[in-house]
Amino acid sequence: SLTLKHGAHRLGKRTDPMMERWRNYGLGQFIHWGLYAIPGGHWNGAYYGGAAEWIRAWKGMPNEQYDNLYKEFDPAEFDPKAWAEQAKDMGAKYMIITTKHHDGFCLWPSEFTDYDVTNTPYGNDIIGPLVEAYDAVGIDVYLYFSVMDWNHPGYRSKLETINDKEAYEEFKEFTRNQLLELLERYPTTKGLWFDGTWDAAWKEQADFADNLATEMREMIPGLIIGSRFRPDDYGNRHFDSNGDLMGDYEQGWERKLPETYEETKGNDWDCVMTVPENQWGYHSDWRGHVKTSYELIEMLVKSVSLDGNFVMNFGPNGQGEIRQEETQLAKEIGEWMDKNNEAIYGCGYLDWEKQDWGYYTKDRQTGKIYMIVFNRPLNGALKIKTPDKVSLDKVYSLKDSSQSFVPEEIHKNEFFIHYPFSEHIDSPIVIVIEPSSNEIDQNNSYQKA
Ligand SMILES: COc1ccc([C@H]2[C@H](O)[C@H](O)[C@H](C)N2C)cc1
């Protein structure tokens, strides 16, 4: 393998308490909010078909017109406590908020630029009240930060001339100043979610990024930074030139999910997911497929079943309101989570053979196994294949533990659980398989007897 100065500094998962807390979240909320919410995917009567937060890059939106939107930013309906309550009711355990997206507009009063909330009619800090409101309801806050900054004169996508390099040095200092400023202003933040790090200019900054990551981790011990921040010595991101994961978890799952545990390479990871096919910021006219709560719950369950977290995106409008479609989804997901979150929180991958009816999760502390059923077989017979010598003498419905099941052995280590799908069921059901005491070894995995 290559000797790297700025490759992965750790092999395998982080095992400290902050990371343990992170991997047991299950469900998160992404919030994309900024000036792009004002046009909301339209400008001069024209519809923008791209991602609403990228409207500045659209030929239908002249840059100087976009760059004057801050003069209209005055979200009268912004209510951070209401946002936090809604996220709490949905069952989110962490929230990621855009402090600065690619347009460079800062939702906090930054000492290092005038392109921030203080120079808008609204005038006040947005990030601080959000951190406070979410902390107050016990939801951990993570700060999204785009390195790419279309507003800063020193930003370059590639470094070709001496001028480029000099300008970019100023940009790097500005970036470091803003990041340290954010951690100083919001010391309860648990981590950073970086974006906008794919440009060639940034991919040459292995040394700078590595040192900055070290500095940030010193400021907030235990800080969680994913794989999207640093390039390695050869400009590789997410995985270094030896194929080892950089950062504390894999951040490559954007609007997509792994199919198998092997694809996760045994790393911690989260999936960030839009409700429409590709809208993060507010777009007033969602077109194409809008995901249902059933689909989003299945993605959540699938993520947890493969040792990941699932982060659902919200895009508040220009007035600071959460749109009705997202409110309805949060309500429906919350209703399912109220009854079934035992199969999500603190749960992860179970190394039993995947079955067609749905997903297994395993509680990392108790060793309890959850069968989360999405596709019930027409005959109601749920097949399970177990490792050797697993006792199935405690199998019951999560909804009603008095409803127990006696699995029918159909083959060595192969069983049917006959579920009476008599009543109408329109949301995933959960069956619990409680291990008998002698099966759980010290790390809560089923041992071959
Ligand atoms: C070039 O393709 C991109 C680049 C950046 C993104 C940004 C989105 O604006 C959103 O912030 C998402 C999390 N991020 C990857 C999406 C697609």
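Our structure's up above, just so we're on the same page.
Model, not experiment: these values are computed from the prediction. (Residues numbered from 1 in each chain as written. Predicted model: local features only at pLDDT ≥ 70, side-chain atom pairs only at ≥ 80, totals over all residues. Heavy atoms only, no water.)

Draft legend 1. Expanded view of the overall build of the protein chain. In terms of regular secondary structure, the protein chain is built from 9 helices and 18 strands. In terms of overall dimensions, the protein chain is globule-like: its C-alpha atoms have a radius of gyration of 24 Å, near the 22 Å expected for 449 residues. The long-range share in the protein chain, meaning contacts at least 24 apart out of those at least 6 apart in sequence, stands at 70%. Working note: accessible area of the protein chain is about 18,800 Å², and carbon and sulfur atoms make up 48% of it. A gap of 4 Å separates the mean positions of the 46 positive and 74 negative side-chain charges of the protein chain. (Helix = DSSP H or I, 4+ residues; strand = E, 2+ residues; numbered from the N terminus. Rg over C-alpha atoms; globule rule 2.2 N^0.38 Å. Contact = heavy atoms within 4.5 Å. Areas by Shrake-Rupley, 256 points an atom, 1.4 Å probe, with all protein chains shown as cover. Lys, Arg positive; Asp, Glu negative; His and termini not counted. Charge placed at Lys NZ, Arg CZ, Asp CG, Glu CD.)

Draft legend 2. Broad picture of the packing of helix 3 (residues 80–90) against helix 4 (residues 127–136). Look at helix 3 against helix 4: their axes get within 8 Å of each other, and the N-to-C directions meet at 40°. In terms of axis orientation, helix 3 runs oblique to helix 4. Relative to helix 4, helix 3 is oriented so that their crossing is right-handed. Across the interface between the two elements, Pro 80, Lys 81, Trp 83, Ala 84 and Ala 87 of helix 3 pack against Pro 129, Leu 130, Ala 133 and Tyr 134 of helix 4. In terms of residue class, the contact of helix 3 with helix 4 is built from 8 nonpolar, no polar and 1 charged. (Axes fitted to C-alpha atoms, helices over the stretch in contact; angles between N-to-C directions. Parallel < 35°, antiparallel > 145°, perpendicular 65-115°, else oblique. Left-handed = near helix turned anticlockwise from the far one by under 90°. Nonpolar A, V, L, I, M, F, W, Y, C, P; charged D, E, K, R; others polar.)

Draft legend 3. Examining the environment of Arg 217 more closely. In this structure, Arg 217 sits in helix 7 (residues 206–219). A residue is classified by how much of its surface remains accessible, and Arg 217, at 28% relative accessible area, is partly exposed. Dropping the residues within four chain positions of it, Arg 217 is found in contact with Arg 14, Leu 223, Ile 225, Gly 247 and Asp 248. (Buried < 20%, exposed > 50% of the residue type's maximum accessible area, 1.4 Å probe, protein only.)

Draft legend 4. Here's a closer look at the site of the ligand. Looking at the ligand, the residues that line it are His 32, Glu 53, Trp 54, His 101, His 102, Tyr 144, Trp 193, Asp 195, Trp 198, Arg 228, Glu 254 and Trp 280. Between the ligand and the protein, one listed contact pairs an oxygen atom with a side-chain N or O atom of His 32 at 2.7 Å. Contacts to the ligand include Trp 54, whose side-chain N or O atom sits 3.1 Å from an oxygen atom. Summarising the interface, the protein chains cover 78% of the accessible area of the ligand, which totals 410 Å² for the free molecule. Residue classes in the shell around the ligand are distributed as 5 nonpolar, 3 polar and 4 charged. (Near = heavy atom within 4 Å. Polar contact = N/O pair within 3.5 Å; in protein donor to acceptor, adjacent residues only side chain to side chain.)

Draft legend 5. Representation of the environment of Gly 34 in the model. When you line up the elements, Gly 34 lands in the loop between strand 1 (27–31) and strand 2 (42–43). Residue classification places Gly 34 among the buried positions, given a relative accessible area of 4%. Along the sequence, Gly 34 and Asp 233 sit 199 residues apart, while their C-alpha atoms lie 34 Å from each other.

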